[in-house]
Amino acid sequence: MYRFLLTPRWWVINLFVLLSIPVCLFMGSWQLSRFEDRVDSHQARQERSAEGNPEAGARPLDDLLPLTQETVGQAARATGRYDAGREFLVPGRRIGDREGFYVLTPLRTGDGRALPVVRGWLPGEADPARVPAPPAGEVSVTGVLQAPESQSSPGAVGVALPRGQVGIIGAATLVNLVPYEVYDAWITVQRAQGPMEAVPPVAAAGTGLDLKAFQNLGYTAQWFVFAGFVVFMWYRLFRRETEAARDLALGIEAPTGPSAEPPPVREETAAAGAGAPSAEKSAS
């Protein structure tokens, strides 16, 4: 009855099932791991915020570079001197429902490179007269490490701005404005100098419980559903072939379709039917 499983058609079907199910399960597990990683990073960030000191456990800047999804958002510490003569304002930045500007000051480190430091945020139009001067001399700065911005970053301005202002925070922008190398990262100080307010850090792309995180969860369900669908379709085909093989073994012919022609009428029956009215006529 099950000899049909040895036919070339069923060899192809079985091979497809044996290959597709592990692939679906692997892809579903991978998407689930992506979602769990985002949950873990979100929880770690929430725990650091709950501690009340996001700069606790700060590590040297060089230990966190080059940037990865794991190092973005961690507390970094750097030592150097602020270059107050090349301070920049970053207009059009919002905190909550208020619009204002960031205060960005390069920190010259011991190797000659500069680390962009967002010292704080002020409401209103960008005005350098309202910005307090940075500390003089050598300082140790601690802040949350952030990835360089791009034109698609929230609040980024890709058009030309007045002198002393930048629209995108990153080495690609600042390297043309300062006479030294710039780290391809920046930090936001969480204990801002008054009257400035601290700029909240932004989660790295691909981390945190954003829309993409729940997309990963949705893809997980889809892959597992695909695996179940493959098994279901294989069972339906197997059952249909088994019933057909059993009917054939019992000598039961396959049913004809609704479009099948009716059986031919025998000539004797047709003649008798044709003669019946004539007989009635003659009897009357």
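Residues numbered from 1 in each chain as written. Predicted model: local features only at pLDDT ≥ 70, side-chain atom pairs only at ≥ 80, totals over all residues. Heavy atoms only, no water.

Draft legend 1. Quick look at the overall build of the chain. When helices and strands are tallied, the chain shows 4 helices and 7 strands. Going from N to C terminus, the chain has its helices and strands arranged as α-β-β-β-β-β-β-α-β-α-α. Expressed as a percentage of the 284 residues in the chain, the buried residues total 32%. Sequence separation of at least 24 residues holds for 70% of the intrachain contacts in the chain that already meet a minimum separation of 6. (Helix = DSSP H or I, 4+ residues; strand = E, 2+ residues; numbered from the N terminus. Buried < 20%, exposed > 50% of the residue type's maximum accessible area, 1.4 Å probe, protein only. Contact = heavy atoms within 4.5 Å.)

Draft legend 2. Fine view of the pairing of strand S3 (residues 88-95). Burial within S3 is extensive, with 6 of its 8 residues counted as buried. Here S3 folds back onto strand S4 (residues 98-109) in antiparallel fashion, the turn holding 2 residues, of which Gly 96 has a positive phi close to 65 degrees. (Pairing = 2+ DSSP bridges.)

Draft legend 3. Representation of the layout of surface pockets within the structure. In this structure, the second largest pocket occupies an estimated 460 Å³ of space. Taken together, 19 residues make up the lining of the second largest pocket; nearest its centre are Glu 87, Phe 88, Arg 163, Gly 164 and Gln 165. Here the lining of the second largest pocket is composed, by residue class, of 10 nonpolar, 6 polar and 3 charged. (1 Å grid on protein atoms, 1.4 Å probe; cavity = no way out; pocket = protein on both sides within 12 Å on 5 of 7 lines; lining within 4 Å. Points joined across faces, edges and corners; volume = space filled by probe spheres on them. Nonpolar A, V, L, I, M, F, W, Y, C, P; charged D, E, K, R; others polar.)

Draft legend 4. Seen up close, the side chain of Arg 119. Tracing the backbone through its elements, the reader meets Arg 119 in strand S5 (residues 114-123). A polar contact is formed between the side chain of Arg 119 and the side chain of Glu 87, at a distance of 2.7 Å. From its side chain, Arg 119 meets the backbone oxygen of Pro 132 in a polar contact 2.8 Å long. Contact partners of Arg 119, with chain neighbours within four places excluded, come to Tyr 82, Glu 87, Val 103, Thr 105, Val 131, Pro 132, Ala 133, Pro 134, Val 189, Ala 192, Gln 193 and Met 196. (Polar contact = N/O pair within 3.5 Å; in protein donor to acceptor, adjacent residues only side chain to side chain.)

Draft legend 5. Broad picture of empty space enclosed by the protein. Under the counting rule described, the total for this entry stands at 1 cavity of 30 Å³ or more. Taken as a whole, the largest cavity holds about 30 Å³ of empty space. Lining the largest cavity, in full, are Pro 106, Ala 114, Leu 115, Pro 116, Leu 174, Val 178, Tyr 180 and Val 182. A per-element tally of the lining of the largest cavity places S5 first, with 3 residues. The residue inventory of the lining of the largest cavity, partitioned by class, reads 8 nonpolar, no polar and no charged.

Draft legend 6. Layout of the pairing of S4. For S4, a buried count of 9 out of 12 residues is recorded, marking the element as mostly surrounded by other parts of the structure. The pairing of strand S2 (residues 75-82) with S4 spans 3 bridges and is antiparallel. Across the sheet, residue Gly 80 finds its bridge partner in S4, namely Thr 109. Across 9 bridges, S4 lies against S5 in antiparallel orientation. By the bridge assignment, Arg 108 is partnered in S5 with Ala 114. Linking S4 to S5, which pair antiparallel, is a turn of 4 residues; within it Gly 112 sits at a positive phi near 95 degrees.

Draft legend 7. Looking closely at the pattern of salt bridges. Tallied over the entire structure, the rule returns 8 salt bridges. A salt bridge links Glu 197 to Arg 98, with the shortest nitrogen-to-oxygen separation between them at 2.8 Å. Residue Glu 197 is found in the loop between strand S7 (186-188) and helix H3 (211-249), and its partner Arg 98 is found in strand S4; the two are separated by 99 residues along the sequence. (Salt bridge = Lys/Arg side-chain N within 4 Å of Asp/Glu carboxyl O.)

Draft legend 8. Representation of a negative patch on the surface in the model. A cluster of acidic side chains, namely Glu 36, Asp 37, Asp 40 and Glu 70, defines a negative patch on the protein surface. Mapped onto the secondary structure, Glu 36 falls in helix H1 (residues 8-50). Here Glu 36 falls in the partly exposed class, since its relative accessible area comes to 42%. (Patch = residues over 30% accessible without salt bridge, like charges linked within 9 Å, V, L, I, M, F, W, Y side chains within 5 Å. Areas by Shrake-Rupley, 256 points an atom, 1.4 Å probe, with all protein chains shown as cover. Lys, Arg positive; Asp, Glu negative; His and termini not counted. Charge placed at Lys NZ, Arg CZ, Asp CG, Glu CD.)

Draft legend 9. Inspection of the nonpolar core at higher detail. The biggest cluster of nonpolar side chains holds 17 residues, and the ones touching the most others in it are Phe 88, Val 90, Tyr 102, Leu 104, Val 118, Ile 169 and Leu 174. Where this core is concerned, the elements lending two or more residues are S3, S4, S5 and helix H2 (171-174). Among all residues touching Val 118, those that are not within four sequence positions of it are Tyr 102, Val 103, Leu 104, Ile 169, Trp 186, Ile 187, Thr 188, Val 189 and Val 199. (Core = buried A, V, L, I, M, F, W, Y, C linked by side-chain atoms within 4.5 Å.)

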